[in-house]
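Examination of the molecular architecture
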Amino acid sequence: MQDVNRKFWQRILGIPQTGMPTDPGCWTMEDGKVVINLARAPELKEAGGALRLEGPPLPGRYLVVKGADGSYHAFENRCTHLGHRRLDPLPGGEGVQCCSVNKSTYNLSGEKLKGPAPRDVKSFPVSVEGEKLVVHVS
Ligand code: FES
């Protein structure tokens, strides 16, 4: 399993690889669900791609990943280690990794694989309805 390619200073500062969506209008919040229009989210076309969602009206920070298994996975974008840094997808979409120096790593179910994080990261159920990816965050 290959680490996310980050420079040491980026890990010190906790700067994640995954940026905000190129199309800020690619998602909406509807009835406690995040609804992503996949046609407007090129970040999720390939395995290992990810979309970082945060800010109002969202109740938390989320990372949505297209996994190596071809499925979509959604996580609370908050490492469970004390720095609570953001996560990035592992190369190829095998899991997710904290952007900090300690690189806590989780599988696609959110289970901790390595690093100092004390517990699994929270994941959320997702469903695909045509071109819509629905993340059930509540
Ligand atoms: S905050 Fe993630 S490993 Fe420390």
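In case you missed it, the structure is sitting above this.
Quick notes on the rules
- Residues numbered from 1 in each chain as written.
- Predicted model: local features only at pLDDT ≥ 70, side-chain atom pairs only at ≥ 80, totals over all residues.
- Heavy atoms only, no water.
- Helix = DSSP H or I, 4+ residues; strand = E, 2+ residues; numbered from the N terminus.
- Buried < 20%, exposed > 50% of the residue type's maximum accessible area, 1.4 Å probe, protein only.
- Contact = heavy atoms within 4.5 Å.
- Areas by Shrake-Rupley, 256 points an atom, 1.4 Å probe, with all protein chains shown as cover.
- Lys, Arg positive; Asp, Glu negative; His and termini not counted.
- Charge placed at Lys NZ, Arg CZ, Asp CG, Glu CD.
- Patch = residues over 30% accessible without salt bridge, like charges linked within 9 Å, V, L, I, M, F, W, Y side chains within 5 Å.
- Salt bridge = Lys/Arg side-chain N within 4 Å of Asp/Glu carboxyl O.
- Pairing = 2+ DSSP bridges.
- Axes fitted to C-alpha atoms, helices over the stretch in contact; angles between N-to-C directions.
- Phe/Tyr/Trp six-rings, centres within 6.5 Å; stacked < 30°, edge-to-face > 60°.
- Core = buried A, V, L, I, M, F, W, Y, C linked by side-chain atoms within 4.5 Å.

**With respect to the overall build of the chain**
- Broken down by element type, the chain carries one helix and twelve strands.
- Counting from the amino terminus, the chain carries its helices and strands in the arrangement α-β-β-β-β-β-β-β-β-β-β-β-β.
- Reported as C-alpha extents along the three principal axes, the dimensions of the chain are approximately 40 × 25 × 25 Å.
- Looking at the chain residue by residue over its 138 residues, the buried ones come to 45%.
- Put simply, 47% of the contacts in the chain that link residues at least 6 apart link residues at least 24 apart.
- For the chain, the accessible area works out to roughly 6900 Å², and carbon and sulfur atoms hold 50% of it.
- Mean positive and mean negative side-chain charge positions of the chain (18 and 15 charges, respectively) differ by 8 Å.

**Here's the deal with a nonpolar patch on the surface**
- A cluster of nonpolar side chains, namely F8, W9, I12, L13, I15 and V101, defines an oily patch on the protein surface of about 590 Å² accessible area.
- Along the chain, F8 falls in helix α1 (residues 8–13).

**What to know about the sheet that holds strand β12 (residues 132–136)**
- Sheet architecture is open: four strands sit in the order β1-β2-β12-β11, paired in antiparallel fashion. This sheet does not close on itself; its edge strands, each paired only once, are β1 (27–30) and β11 (126–129). Shown here is a sheet whose adjacent strand axes are inclined to one another by a mean of 25°, direction ignored.

**Some remarks on the sheet that holds strand β5 (residues 72–76)**
- Reading across the sheet, the four strands line up as β3-β4-β5-β10 and stay open at both edges, with antiparallel pairing between neighbours. Looking at strand neighbours, the two that pair on one side only are β3 (50–53) and β10 (123–124), the edges of this open sheet.
- With five bridges joining them, strand β4 (residues 62–66) and β5 adopt antiparallel strand pairing. Considered in β5, the bridge of V64 is made with A74.

**What about the environment of L63?**
- Examined against the element boundaries, L63 turns out to sit in strand β4.
- Along the sequence, L63 and V4 sit 59 residues apart, while their C-alpha atoms lie 15 Å from each other.
- Not counting chain neighbours up to four residues away, the residues in contact with L63 comprise T18, A50, L51, R52, H73, A74, F75, N77, L87, D88, P89 and V96.

**Remarks on the packing of aromatic side chains**
- Summed over all chains, the structure comprises one aromatic pair.
- When the ring of Y62 is compared with that of F124, the centres are 5.3 Å apart and the planes differ by 80°; the resulting orientation is edge-to-face. One end of the pair, Y62, is in strand β4; the other, F124, is in strand β10, and 62 residues separate them in sequence. Each member of the pair, Y62 as well as F124, carries the same accessibility label: buried.

**Topic: the nonpolar core**
- By size, the foremost hydrophobic cluster in this structure holds 18 residues, and its most contacted members are V34, I36, L44, L51, L53, V64 and V135.
- Elements with a minimum of two residues in this core: β2 (33–37), β3, β4, β5 and β12.
- Sequence-distant contacts of V64, defined by excluding residues within four places in its chain, comprise I36, L44, G49, A50, L51, L53, H73, A74, L133 and V135.
- Of all hydrophobic cores here, the second largest spans eleven residues; its members include V65, F75, L87 and A117.

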